[in-house]
Amino acid sequence: MGALEEIEAGRRRSLGTRCLIGRHASCDLRLDDARISGEHALLRWIDGRWELRDLGSRNGTFVGGRRLSAGERVALEQGAAVTLGGTPLGFVLVDASCPRACARHATTGEIRAAEGGVLALPSEAEPEVTIYEDAAGRWMAEREHATEPVADDELVVVGGEGFRLELPSGTSATVENAAGVALDAVALRFAVSRDEEHVELAVVAGDRAIPLAPRSYHYLLLTLARLWLAEEGAPPRDRGWVDRKTLCRMLAIDELKLNVDICRARKQLGALGIHGAAAIVARRPGTGQIRIGVERITVTST
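We now turn to the structure provided with this report.

So, how was this worked out
Residues numbered from 1 in each chain as written. Predicted model: local features only at pLDDT ≥ 70, side-chain atom pairs only at ≥ 80, totals over all residues. Heavy atoms only, no water. Helix = DSSP H or I, 4+ residues; strand = E, 2+ residues; numbered from the N terminus. Contact = heavy atoms within 4.5 Å. Areas by Shrake-Rupley, 256 points an atom, 1.4 Å probe, with all protein chains shown as cover. Lys, Arg positive; Asp, Glu negative; His and termini not counted. Charge placed at Lys NZ, Arg CZ, Asp CG, Glu CD. Phe/Tyr/Trp six-rings, centres within 6.5 Å; stacked < 30°, edge-to-face > 60°. Buried < 20%, exposed > 50% of the residue type's maximum accessible area, 1.4 Å probe, protein only. Pairing = 2+ DSSP bridges. Axes fitted to C-alpha atoms, helices over the stretch in contact; angles between N-to-C directions. Core = buried A, V, L, I, M, F, W, Y, C linked by side-chain atoms within 4.5 Å. Salt bridge = Lys/Arg side-chain N within 4 Å of Asp/Glu carboxyl O. Polar contact = N/O pair within 3.5 Å; in protein donor to acceptor, adjacent residues only side chain to side chain. Expected span 1.5 Å × (residues − 1). Parallel < 35°, antiparallel > 145°, perpendicular 65-115°, else oblique.

## Quick word on the overall build of the chain
So, point 1. On a plain count of helices and strands, the chain comes out with three helices and 26 strands.
So, point 2. Across the chain, every contact between residues at least 6 apart in sequence was considered, and the portion connecting residues at least 24 apart equals 50%.
So, point 3. Carbon together with sulfur atoms contributes 47% to the accessible area of the chain, which is approximately 14,700 Å² in total.
So, point 4. The distance from the centre of the 38 positive side-chain charges to the centre of the 43 negative ones in the chain is 2 Å.

## Notes on the packing of aromatic side chains
So, point 1. The tally for this structure, following the rule as stated, stands at one aromatic pair.
So, point 2. Seen from their ring centres, tryptophan 45 and tryptophan 50 are 5.3 Å apart, and the 70° between their planes marks the pair as edge-to-face. Here the two residues tryptophan 45 and tryptophan 50 agree in accessibility, since each one is buried.

## Details of the sheet that holds strand β18 (residues 155-158)
So, point 1. Taken in spatial order, the four strands line up as β13-β12-β19-β18 in an open sheet, and their pairing is antiparallel. With partners counted over all chains shown, the strands left at the sheet margins are β13 (111-113) and β18, one partner each. Sheet twist, expressed as the average angle between the axes of neighbouring strands with direction ignored, equals 30°.
So, point 2. The pairing of strand β12 (residues 102-105) with β13 spans three bridges and is classified as antiparallel. Its bridge partner lying in β13, alanine 103 is registered against arginine 112.

## Structural notes on the sheet that holds strand β22 (residues 208-211)
So, point 1. The four strands are arranged β22-β21-β20-β26 in an open sheet whose pairing can be described as mixed. Of all the strands in the sheet, just β22 and β26 (297-301) have a single pairing partner and so form its edges. Taking the axes of each pair of neighbouring strands and ignoring which way they run, one obtains an average angle of 25° across the sheet.
So, point 2. One ladder, built from four bridges, connects strand β21 (residues 199-205) with β22; its direction is antiparallel.

## Side note on the nonpolar core
So, point 1. Counting 35 residues, the largest nonpolar core has Leu188, Phe190, Leu221, Leu224, Leu247, Ile280 and Ile292 as the members making the most contacts within it.
So, point 2. Of all the elements in the fold, those that place two or more residues in this core are β20 (187-192), β21, α1 (218-230), α2 (244-251), α3 (255-270) and β25 (289-292).
So, point 3. Residues within four places of phenylalanine 190 in sequence aside, it is in contact with Val199, Glu200, Leu201, His218, Leu221, Leu222, Ala225, Ile297, Thr298, Val299 and Thr300.
So, point 4. Ile21, Trp45, Ala80 and Phe91 belong to the second largest nonpolar core, which has 21 residues in total.

## Focus: the pattern of salt bridges
So, point 1. One pass over the full model with this rule turns up 22 salt bridges.
So, point 2. In this structure, glutamate 124 engages arginine 264 in a salt bridge whose closest nitrogen and oxygen atoms are separated by 3.2 Å. With a gap of 140 residues between them, glutamate 124 in the loop between β14 (118-122) and β15 (127-133) and arginine 264 in helix α3 connect regions that are remote in the sequence.
So, point 3. Classification of glutamate 124 as partly exposed rests on a relative accessible area of 27%.
So, point 4. Its salt-bridge partner being glutamate 196, residue arginine 226 comes within 2.9 Å of it at the nearest N-O pair. With arginine 226 in helix α1 and glutamate 196 in the loop between β20 and β21, this residue pair connects regions lying 30 residues apart in the sequence.
So, point 5. Overall, glutamate 196 belongs to the partly exposed group, its relative accessible area being 29%.
So, point 6. Counted as one network, the salt bridges with shared partners bring together Glu6, Arg11 and Arg13.

## Quick notes on the side chain of arginine 244
So, point 1. Looking at where arginine 244 falls in the secondary structure, it is placed in helix α2.
So, point 2. Among the residues examined, arginine 244 registers a relative accessible area of 3% and is labelled buried.
So, point 3. Side chain to side chain, arginine 244 and glutamate 255 meet in a polar contact 3.0 Å long.
So, point 4. Apart from residues lying up to four places away in sequence, arginine 244 is in contact with Glu144, Glu255, Leu258, Asn259, Ile262, Arg283, Gly288 and Ile290.

## Here's the deal with α3
So, point 1. Over its 16 residues, α3 runs 22 Å from end to end, which matches the ideal 22 Å to within 8%, given 1.5 Å per residue.
So, point 2. All buried positions along α3 are accounted for by Leu258, Asn259, Val260, Asp261, Ile262, Cys263, Ala265, Arg266, Lys267, Gln268, Leu269 and Gly270.
So, point 3. Among the residues of α3, the N-terminal cap falls to aspartate 254, whose side-chain oxygen and the backbone nitrogen of leucine 256 are separated by 3.3 Å.

## Describing the packing of α2 against α3
So, point 1. At a closest axis distance of 10 Å, the pairing of α2 and α3 adopts a crossing angle of 90°. Here α3 runs roughly perpendicular to α2, going by the angle between their axes. Facing α2, whose interface residues are Arg244, Lys245, Leu247 and Cys248, α3 presents Glu255, Leu258, Asn259 and Ile262.

## Describing the pairing of strand β5 (residues 41-46)
So, point 1. Residue alternation in β5 divides its side chains into a buried set, Ala41, Leu43 and Trp45, and an unburied set, Leu42, Arg44 and Ile46.
So, point 2. Pairing between strand β3 (residues 18-22) and β5: four bridges, direction antiparallel. By the bridge assignment, isoleucine 21 is partnered in β5 with alanine 41.
So, point 3. Pairing of β5 with strand β6 (residues 49-54) involves six bridges; the strand directions are antiparallel.

## Quick word on α1
So, point 1. Look at α1: 18 Å from first C-alpha to last across 13 residues, which is about the 18 Å you get at 1.5 Å a residue.
So, point 2. Along α1, the residues classified as buried are His218, Leu220, Leu221, Leu222, Thr223, Leu224, Ala225 and Trp228.

Shown next, in the form of structure tokens:
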């Protein structure tokens, strides 16, 4: 995740898709010096890189000692040093990687950052709305009975609270040892102990199997996988769906716990770099039904 470090204070800050820099209290990076303009410069992620723009500041923005012209835009590489207004105040871009999706609380300014490509609002503990990037690179907001596209800088209201979205484009990136494939190209392999106490899960991509760290929500995925397998003769579009309330009864959990487990399962696969990982649990539009999002599944007993 992109990050900068203030030159004098030494504070490190993670970056959303944009960072307004200046003296005004509303700036994301506030530098209190009379030589720095209220809104002095803008740092943003665009076209797969970090770009700095001088906002017509009176005393200038300097990159590597060179003053930018008013309104000039420059790409920043990792390690680039930026100072403002002829002062020693500024920052170094210490991490030039792409930002995570995040949401800024409209009242408090608190930032919620995505993990594994999934952003839960208002919090991971109460995920009423889930924001994720689908396999086509579109950002989607999923509520209980509806999924709709959302855009960068859009205001999303959850439980009466507003959140301003910061959504980078083209960020589907894999991490080291990741599958690096789309969700519809992988298979799931479950191994279940006879007493059902232990579930091992691996993602299979081609001839490679990636074991996942054991998690309690793997039993949710196993249950959805079994429902898919039990309807082998049904048309694919109708196969494996289950009502959320029915599923909660099967698992002896409430709907909040179900939402949390779905969110965590998505994050675990997303952390592998699997494109469209959020669809590991798919929702049927206009209904309370969900199902497993992978068609190739094996379940064995150990």
